[in-house]
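Here are the chains, one letter per residue:
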Amino acid sequence: MGQRRVSVLLPLPLAGAYDYLVPPELALEPGDFVAAPLGPNEFLGVVWGEASGEVPVARLKAIIDRLDVPPLSQVQRRFVDWVAQYTVSPPGAVLRMAMSVSAALEPKRPILAYRRTDEPPGTMTVTPARRRVLALLADGPPRPMGEIAREAGVGTSVVKGLVALHQLEAVELPPPPSFREPDWRHPGPTLSADQEAAATALRLLLDRPGFAVTLLDGVTGSGKTEVYFEAIAAALAQGKQALVLLPEIALSAEWLARFESRFGVAPAAWHSDLTQAERRVTWRAVAEGVARVVVGARSALFLPYPELGLIVVDEEHDGAFKQEDGVIYHARDMAIVRAQLGQHPVVLSSATPSLESLVNVESGRYRRLGLPDRHAGASLPTIEAIDMRGIRMPATQFLSPPLRQAVADTLAQGEQAMLFLNRRGYAPLTLCRTCGHRLNCPNCSTWLVEHRLAGRLQCHHCGRMERLPLQCPACGAEGSLAACGPGVERLAEEMRALAPAARLAVMASDTIGGPAEAAEIVRSIREHEVDIVIGTQMVAKGHNFPMLTLVGVVDADLGLAGGDLRASERTYQLLHQVAGRAGRAERPGRVLMQTYQPGEAVIAALIAGDRDRFIEAETQSREAACMPPFGRLVALIISGHDVDAVIRTARLLGQKAPRGDGVSVLGQAPAPLSLLRGRHRHRLLLKAPRNVRVQPLVQAWLAQVKVPGSVRVAVDIDPYSFM
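Everything numeric here is computed off the predicted structure, so don't read it as measured data.

## Quick word on the packing of helix H15 (residues 567–579) against helix H17 (residues 611–624)
Logical step 1: Relative orientation of the contacting elements H15 and H17 amounts to 160°, with a least axis distance of 11 Å. By the angle between their axes, H15 is roughly antiparallel relative to H17. As H15 packs across H17, the resulting crossing turns out to be left-handed. Residue-level inspection shows Ser 568, Glu 569 and Tyr 572 of H15 in contact with H17, the latter providing Arg 611, Phe 614, Glu 618 and Arg 622.

## Looking at the pattern of salt bridges
Logical step 1: Applying the stated rule across the entire model yields 31 salt bridges.
Logical step 2: Its salt-bridge partner being Glu 169, residue Arg 115 comes within 2.8 Å of it at the nearest N-O pair. Highlighted residues: Arg 115 in strand S6 (residues 111–116) and Glu 169 in strand S8 (residues 168–173), separated in sequence by 54 residues.
Logical step 3: Looking at Glu 169, the relative accessible area reads 32%, which means it is partly exposed.
Logical step 4: The salt bridge involving Arg 262 is made with Glu 230; its shortest N-O contact spans 3.2 Å. Of this pair, Arg 262 sits in helix H8 (residues 253–263) while Glu 230 sits in helix H7 (residues 224–237), placing them 32 residues apart in sequence.
Logical step 5: Look at Arg 262 and you get buried, because its relative accessible area is 4%.
Logical step 6: When salt bridges with common partners are traced through the structure, they connect Glu 196, Arg 203, Glu 230 and Arg 262 into a single cluster.

## Quick word on the nonpolar core
Logical step 1: Judged by nonpolar contacts, the single largest core of 115 residues is most densely connected at Trp 283 and Val 294.
Logical step 2: Residue contributions to this core peak at 7 residues, all from helix H10 (residues 331–342).
Logical step 3: Residue contacts for Trp 283: discarding those within four places in its chain leaves Phe 33, Val 69, Ala 98, Val 101, Ala 104, Leu 105, Trp 270, Leu 303 and Pro 304.

## What to know about the environment of Arg 690
Logical step 1: Relative to the helices and strands, Arg 690 is located in the loop between strand S31 (679–689) and helix H19 (694–703).
Logical step 2: Spatially, the C-alpha atom of Arg 690 lies 8.1 Å from that of Pro 628, the residues being 62 residues apart in sequence.
Logical step 3: Not counting chain neighbours up to four residues away, the residues in contact with Arg 690 comprise Pro 629, Phe 630, Gly 631 and Arg 632.

## Topic: the packing of aromatic side chains
Logical step 1: Tallying each qualifying case throughout the model produces 11 aromatic pairs.
Logical step 2: A ring pair is formed by Trp 82 and Tyr 86, whose centres lie 4.9 Å apart and whose planes are at 15°; its orientation type is stacked. With a gap of 4 residues between them, Trp 82 and Tyr 86 both fall in helix H1 (residues 74–87), about one helical turn apart.
Logical step 3: Given a relative accessible area of 30%, Trp 82 falls into the partly exposed group.
Logical step 4: Note on Tyr 572 and Phe 614: the rings are 4.7 Å apart at their centroids and 15° apart in plane angle, and the pair reads as stacked. With Tyr 572 in helix H15 and Phe 614 in helix H17, the pair connects residues that are 42 residues apart, well separated along the chain.
Logical step 5: Tyr 572 gets classed as buried once you look at its relative accessible area, which sits at 4%.
Logical step 6: Each residue in the set Tyr 228, Phe 229, Trp 255, Phe 259 and Phe 263 is aromatic and connected to the rest through ring pairs, giving one cluster.
Logical step 7: Above the face of the Phe 263 ring, Arg 262 is positioned so that its terminal group lies 4.7 Å from the ring centre.
Logical step 8: Here Arg 566 stacks its cationic end above the ring of Tyr 720, 3.8 Å away from the centre of that ring.

## What to know about the pairing of strand S4 (residues 41–50)
Logical step 1: Pairing analysis gives 4 bridges linking strand S1 (residues 5–9) to S4, with the strands arranged antiparallel. When the sheet's bridge partners are listed, Val 8 is paired in S4 with Val 47.
Logical step 2: Note: strand S3 (residues 33–38) against S4, 6 bridges, orientation antiparallel. Each residue of the ladder has a partner; that of Leu 38, found in S4, is Asn 41.
Logical step 3: The loop that links S3 with its antiparallel partner S4 comprises 2 residues; one of these, Gly 39, has a positive phi angle of about 60°.

## Looking at the packing of helix H11 (residues 355–362) against H17
Logical step 1: Between H11 and H17, the least distance of the axes is 11 Å, while the angle of their chain directions is 90°. One element, H11, and the other, H17, form an angle in the roughly perpendicular class. Contacts between H11 and H17 involve Leu 355, Glu 356 and Leu 358 on the former and, on the latter, Arg 611, Ile 615, Glu 618, Thr 619 and Arg 622.
Logical step 2: In the contact of H11 with H17, the residues fall into 3 nonpolar, 1 polar and 4 charged.

Rules and cut-offs
- Residues numbered from 1 in each chain as written.
- Predicted model: local features only at pLDDT ≥ 70, side-chain atom pairs only at ≥ 80, totals over all residues.
- Heavy atoms only, no water.
- Axes fitted to C-alpha atoms, helices over the stretch in contact; angles between N-to-C directions.
- Helix = DSSP H or I, 4+ residues; strand = E, 2+ residues; numbered from the N terminus.
- Parallel < 35°, antiparallel > 145°, perpendicular 65-115°, else oblique.
- Left-handed = near helix turned anticlockwise from the far one by under 90°.
- Contact = heavy atoms within 4.5 Å.
- Salt bridge = Lys/Arg side-chain N within 4 Å of Asp/Glu carboxyl O.
- Buried < 20%, exposed > 50% of the residue type's maximum accessible area, 1.4 Å probe, protein only.
- Core = buried A, V, L, I, M, F, W, Y, C linked by side-chain atoms within 4.5 Å.
- Phe/Tyr/Trp six-rings, centres within 6.5 Å; stacked < 30°, edge-to-face > 60°.
- Lys NZ or Arg CZ within 6 Å of the ring centre and 35° of its normal.
- Pairing = 2+ DSSP bridges.
- Nonpolar A, V, L, I, M, F, W, Y, C, P; charged D, E, K, R; others polar.

Next comes the structure, spelled out in structure tokens:
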């Protein structure tokens, strides 16, 4: 019988797994992590199954070694294959997301500790410092050098000296558990009748093994988090791991505090602000089943869970769950797939569920649990529109007289106010009053945003930064550059002039350095060290500020421009969420929305508190146009540094586009954001009925066109962004 062969998937954007010989001394199984050669280099990969047999044995290379890491489970391997097939991506590119921390595959580093030996002291001089060290270790366990020095009140040189004199010897200790296990028996808060009914329904789901999707649909402040905590407790009681996906992990301080209060310990966190050492420890703890609950951003979905039994997607409607680079996927949708493959429940939680989820509820695919009332008797805020069409204001002011007066009244009552504007920086546009030149980003087809506090101009797409010039770069006029339009910094400037004694805080992604800084600013607002909060969409999600009673939306129409498929839905969700920050305790809340379109369906629905009417109209509009979730869309984004090569490739793809059976292709055309990070971009959009499998169509389409190496074609199944 010949030497055994297996296929190994490498975390590279290759067509699939490669065949390798298995050395006789290695007993390999599917899922094992291995080191394997590829060309002159060595890569880490995963045994994917038996060899394909397509390559002659004489041409095969042998696997180098097996790594001492828990294997990647069959469910996770099937998930990698499924995501690759669905997103039309190379399986190795998806595997790379599951193997994102190569250092975690290295052997664990033992802890070096020291204990006393039986060696007689001989002629050694026993100094007071040495005596303290020897007494400390007389009858105790081995200790690390730093701990010995600290407890004995000596320098590490004293400990090293005793080692050299053979009075102490080094021993290796296994590293301690990286995460404590949450206590699911720990009592939680008293739930309302509605909360208890929903929690009971979720517990019953955990008691019955199998896949199920539940939409937890509750108004802002209804206590959805405490309800799904009960599902997490049920999963832990069964010895399962649980995953909670949050859209803004940097703003999770309140969530983490509530989790620790409920379960006695903090969960394992997974997000981009972790250090490499933290990522290594966390990845390994997940793979070994030590991390029982993980809270993270969308990439946490690809961690190697061996015993996953529950997924919760909080704020399931949020667009931040869509990954736009590399492998393009929607974490909410992939979480549902992961749960189906693992045959366990998934909970989608939101005060403003996505239209996709609501349609799935109507069709019977998902179950809905409703929480119609705020917790502890708090009432929903009143929402009013300020019709800006009849108000004349100076060009340098952006807060209307009614909103200014409302802020003043709120502060006079000792309460807090929030001003919401989804624009970072000081001003979104800087232009020359002499020649009309606009300061653009040379790498992107977008304007540079002024950040006056930092003294710079910045592109929010590629990150380019430069100083604000003293003269116009086009005509040379000095002192002619003017900031146009407001950002949150400009609102803060206006509020300081209006209420100089008020304590202000600005919350935006470029003013908050990470989770620790976010936690501190949230704490200061909660403890009323801040009077006025001014922020972007970061302030809209999940915060509970008891003294915040007024929310002012400075430009309620901002998200409605651009013709985006989901513009109305996203605007409704965002404004509803930010409005929900007001009046979450015993003090009633009030929301004022400045708008030039008070009759727009989104604004009218918010004022009337009639979500159902808005959803019904949005559903009918999408269904009539055969748009998602009633139809399928696939975007092809063609990009490259050579604009002519991009255009040629886009034209060829347009000529070969599939047609017929309800399938149509729009484009090719320059993308609205036609230059991004120095790459020229064109787009095509395939539209198909819901029952059409679009992936084979796209694969056959792409196979007809030879794409130059300088051009990249990205496939976006179910696009959320049309830029």
